[in-house]
Amino acid sequence: MQLWRFGVLLALVAARAHAIEPGSVAPEFNLARLGAGQPIALSDLRGKIVLIDFWASWCGPCRESMPLYDKLRAEFAPNGFEVVAINLDEVQTDAEAFLARHPVSYPVGLDPTGDTAKTFGLVGMPSSYLVDQVGIVRARHTGFKAKHIDELRHQILGLLGAAHGL
Amino acid sequence: MGCKTLTALLAGLTLAGCTTTPVQPWERGRLARWDMQWDSDPLQTAMDEHIYFSKEGSTGRVGTAGGGCGCN
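Below, the structure is looked at part by part. Worth saying up front: this structure is predicted, and the values here are computed from it rather than measured. (Residues numbered from 1 in each chain as written. Chains lettered and ligands numbered in written order. Predicted model: local features only at pLDDT ≥ 70, side-chain atom pairs only at ≥ 80, totals over all residues. Heavy atoms only, no water.)

## Focus: the pattern of salt bridges
Residues and elements named next belong to chain A. For the coordinates displayed, the defined rule picks out seven salt bridges over all chains. Between Asp150 and Arg153 there is a salt bridge whose closest N-O contact spans 3.7 Å. With Asp150 and Arg153 both in helix 5 (residues 147–163), this residue pair falls three residues apart, about one helical turn. The structure contains a network of salt bridges with shared partners spanning Glu75, Asp150 and Arg153. (Salt bridge = Lys/Arg side-chain N within 4 Å of Asp/Glu carboxyl O. Helix = DSSP H or I, 4+ residues; strand = E, 2+ residues; numbered from the N terminus.)

Okay, here's the thing in structure tokens:
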């Protein structure tokens, strides 16, 4: 009698994307780049430490986080660190207006349908994933606090040290 | 399946509505717009409230229980 309820519940649970946790392989994505240039693919960045930042123009903490990520990138880019921002705005002009006020020097990919966000299984906005040189997720931050920058710096130094056999 | 059971089943599935497809964290852009907030213009709201309770002679129409004591 109650079997159909169980069936619906099971379908809902099964339909959820498996959330990407530290230790998982970062899913591949291939997104159009905002502005001129080739599409951005995660596999192109293999060998570098990558910080994937899911953001949107309506995300308040992103006004603080993105300039800080830009500084972090400037600090570690010579060592093989890149930041890839994935924009989740449904309207591209909103993203462009945000970037006009808070410009960044790292590539911005466009995901207006949210497919990449769904693949990663975001639980909040903004979300950032630190991916190591072989494509394994090492850290995930949901939301943004200034202390995340210190944690990321610590983790990046750790990954760079490990790469050099320290 | 009986007619009543079928109706109940369909009603249960359709009335569940937004609970079966919740808004994802990255889909909240439209909800974040200023005109989608409960109180999109606090200053205007405060002015409207002042006019309302002055005309009505009642205090605390919103949020608290009030009476017409005329002390506003």
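## Re the pairing of strand 3 (residues 49–55) of chain A
Residues and elements named next belong to chain A. Across the seven residues of strand 3, seven count as buried, placing the element largely inside the fold. Note: strand 3 against strand 4 (residues 81–87), seven bridges, orientation parallel. Bridge pairing in strand 4 places Ile49 opposite Phe81. The sheet contact formed by strand 3 and strand 6 (residues 127–131) spans five bridges and is antiparallel. Looking across to strand 6, one finds that Val50 is bridged to Val131. (Buried < 20%, exposed > 50% of the residue type's maximum accessible area, 1.4 Å probe, protein only. Pairing = 2+ DSSP bridges.)

## Concerning empty space enclosed by the protein
All names here are of chain A. In the structure shown here, the tally under the stated rule is one cavity of 30 Å³ or more. Roughly 50 Å³ of internal volume is contained in the largest cavity. Forming the boundary of the largest cavity are Leu42, Leu45, Arg46, Gly47, Lys48, Val50, Val131, Asp132, Gln133 and Gly135. A per-class count over the lining of the largest cavity returns four nonpolar, three polar and three charged. (1 Å grid on protein atoms, 1.4 Å probe; cavity = no way out; pocket = protein on both sides within 12 Å on 5 of 7 lines; lining within 4 Å. Points joined across faces, edges and corners; volume = space filled by probe spheres on them. Nonpolar A, V, L, I, M, F, W, Y, C, P; charged D, E, K, R; others polar.)

## Some thoughts on unusual backbone geometry
Residue Pro126 of chain A is bonded to the preceding Met125 of chain A through a cis peptide linkage, with omega at -5 degrees. Residue position: Pro126 of chain A is located in the loop between helix 4 (115–120) and strand 6.

## A closer look at the side chain of Asp132 of chain A
Residues and elements named next belong to chain A. Positionally, Asp132 belongs in the loop between strand 6 and strand 7 (137–142). A relative accessible area of 5% means that Asp132 is categorised as buried. Only 2.8 Å separates the side chain of Asp132 from the side chain of Arg138, close enough to count as a polar contact. If near-sequence neighbours (up to four positions away) are discounted, Asp132 is found in contact with Lys48, Arg138 and Leu159. (Polar contact = N/O pair within 3.5 Å; in protein donor to acceptor, adjacent residues only side chain to side chain. Contact = heavy atoms within 4.5 Å.)

## Concerning the packing of helix 2 (residues 62–76) of chain A against helix 5 of chain A
Packed helix pairs are characterised by how far apart their axes lie and by the angle those axes make with each other. All names here are of chain A. It is at 11 Å that the axes of helix 2 and helix 5 come closest, and there the two elements cross at 25 degrees. As summarised for this structure, helix 2 and helix 5 are arranged roughly parallel, according to the angle between their axes. By crossing handedness, the relation of helix 2 to helix 5 is classed as right-handed. In contact with Leu68, Tyr69, Leu72, Glu75 and Phe76 of helix 2, helix 5 contributes Ile149, Leu152, Arg153, Ile156, Leu157 and Leu160. (Axes fitted to C-alpha atoms, helices over the stretch in contact; angles between N-to-C directions. Parallel < 35°, antiparallel > 145°, perpendicular 65-115°, else oblique. Left-handed = near helix turned anticlockwise from the far one by under 90°.)

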